[in-house]
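Letter by letter, the chains look like this.
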Amino acid sequence: MPKTNEKTNESTFTRKQLIDALNEDLSREYQAIIAYVNYSQVLKGAACMNIADELAVHAAEELTHALAVANHIDYLGGMPTVIPKPVKTSEKAEEMLRFDLENEKETIREYRRRVKQCDELNEFALSESIREILMQEQDHLIALATALGIDPPNPGIAD
Ligand SMILES: [Fe+2]
Ligand SMILES: [Fe+2]
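Residues numbered from 1 in each chain as written. Chains lettered and ligands numbered in written order. Predicted model: local features only at pLDDT ≥ 70, side-chain atom pairs only at ≥ 80, totals over all residues. Heavy atoms only, no water.

(A) Molecular detail of the overall build of the protein. The helix and strand tally for the protein stands at four helices and zero strands. Reading the protein from its N end, one meets helices and strands in the order α-α-α-α. Compactness check: the protein gives a C-alpha radius of gyration of 17 Å against a globular reference of 15 Å for 159 residues, within 12% of the reference. If one aligns the C-alpha atoms of the protein with their principal axes, the spans along those axes are about 60 × 30 × 20 Å. Relative to all contacts within the protein whose residues are 6 or more apart in sequence, the contacts with residues 24 or more apart total 80%. Roughly 8,800 Å² of accessible area belongs to the protein as shown, and the carbon and sulfur atoms make up 54% of that amount. Here the protein carries 17 positive and 28 negative side-chain charges, and the mean point of each set is 5 Å from the other. (Helix = DSSP H or I, 4+ residues; strand = E, 2+ residues; numbered from the N terminus. Rg over C-alpha atoms; globule rule 2.2 N^0.38 Å. Contact = heavy atoms within 4.5 Å. Areas by Shrake-Rupley, 256 points an atom, 1.4 Å probe, with all protein chains shown as cover. Lys, Arg positive; Asp, Glu negative; His and termini not counted. Charge placed at Lys NZ, Arg CZ, Asp CG, Glu CD.)

(B) Quick look at the nonpolar core. Core analysis: the biggest nonpolar cluster contains 38 residues, and Leu18, Leu22, Leu43, Leu55, Val69 and Leu97 have the highest contact counts within it. Listing elements by their share of this core, those giving two or more residues are α1 (15-42), α2 (49-75), α3 (93-120) and α4 (124-148). In terms of residue count, α1 provides more of this core than any other element does, nine residues in total. Beyond its immediate chain neighbours, meaning those up to four positions away, Leu97 contacts Leu43, Ile51, Leu55, Leu144, Ala147 and Leu148. (Core = buried A, V, L, I, M, F, W, Y, C linked by side-chain atoms within 4.5 Å. Buried < 20%, exposed > 50% of the residue type's maximum accessible area, 1.4 Å probe, protein only.)

(C) Up close: the coordination of the iron ion (ligand 1). Those protein atoms acting as donors to the iron ion (ligand 1) are Glu29 (OE), Glu29 (OE), Glu62 (OE), His65 (ND1) and Glu137 (OE), and they sit at 1.9 to 2.4 Å. Considered as a linear motif, the donors of the iron ion (ligand 1) on their single chain read E-x32-E-x2-H-x71-E. In this structure, the iron ion (ligand 1) lies 3.9 Å from the iron ion (ligand 2), and both are coordinated by Glu62. Taken together, the positions of Glu29 in helix α1 and His65 in helix α2 put the pair 36 residues apart, joining distant regions of the chain. Of the residues examined, Glu29 reaches a relative accessible area of 1% and is grouped as buried. By relative accessible area, His65 is classed as buried at 2%. (Donors = N, O, S within 2.8 Å, 3.2 Å for Na, K, Ca; no water.)

In structure tokens, the structure reads:
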């Protein structure tokens, strides 16, 4: 049920909206699992071996995120989605890493917002869980930026 009459809470953000937002996050986690499974195996060449291994680690971490987010959706009374966001493919290693980097930036932007939204609804345990996921997403971003030889970009925060 939406909490609309809490005097301390000016926001109109509801639990239903949180469920919908978490389902978007879950679709992004599925996308990340698929992309990392694919890219970790198709990245070729000696220069890519380390990062390919790293991407396989990311794939497993994204699965734990998907399970956590699905668990939160179920707790809130929603139905976890089964649909991933579309995954881009490429023959070029650098392009794959850039796709991953862009996805991680968006994921971080969204989870930063989700922490605030969970807090707003007094769902402090959920925001704590999202913070833990966020730490790993930031590690993913740093690993990808390092592989690309660039400074890790600041993703900002979603609206
Ligand atoms: Fe993730
Ligand atoms: Fe990630």
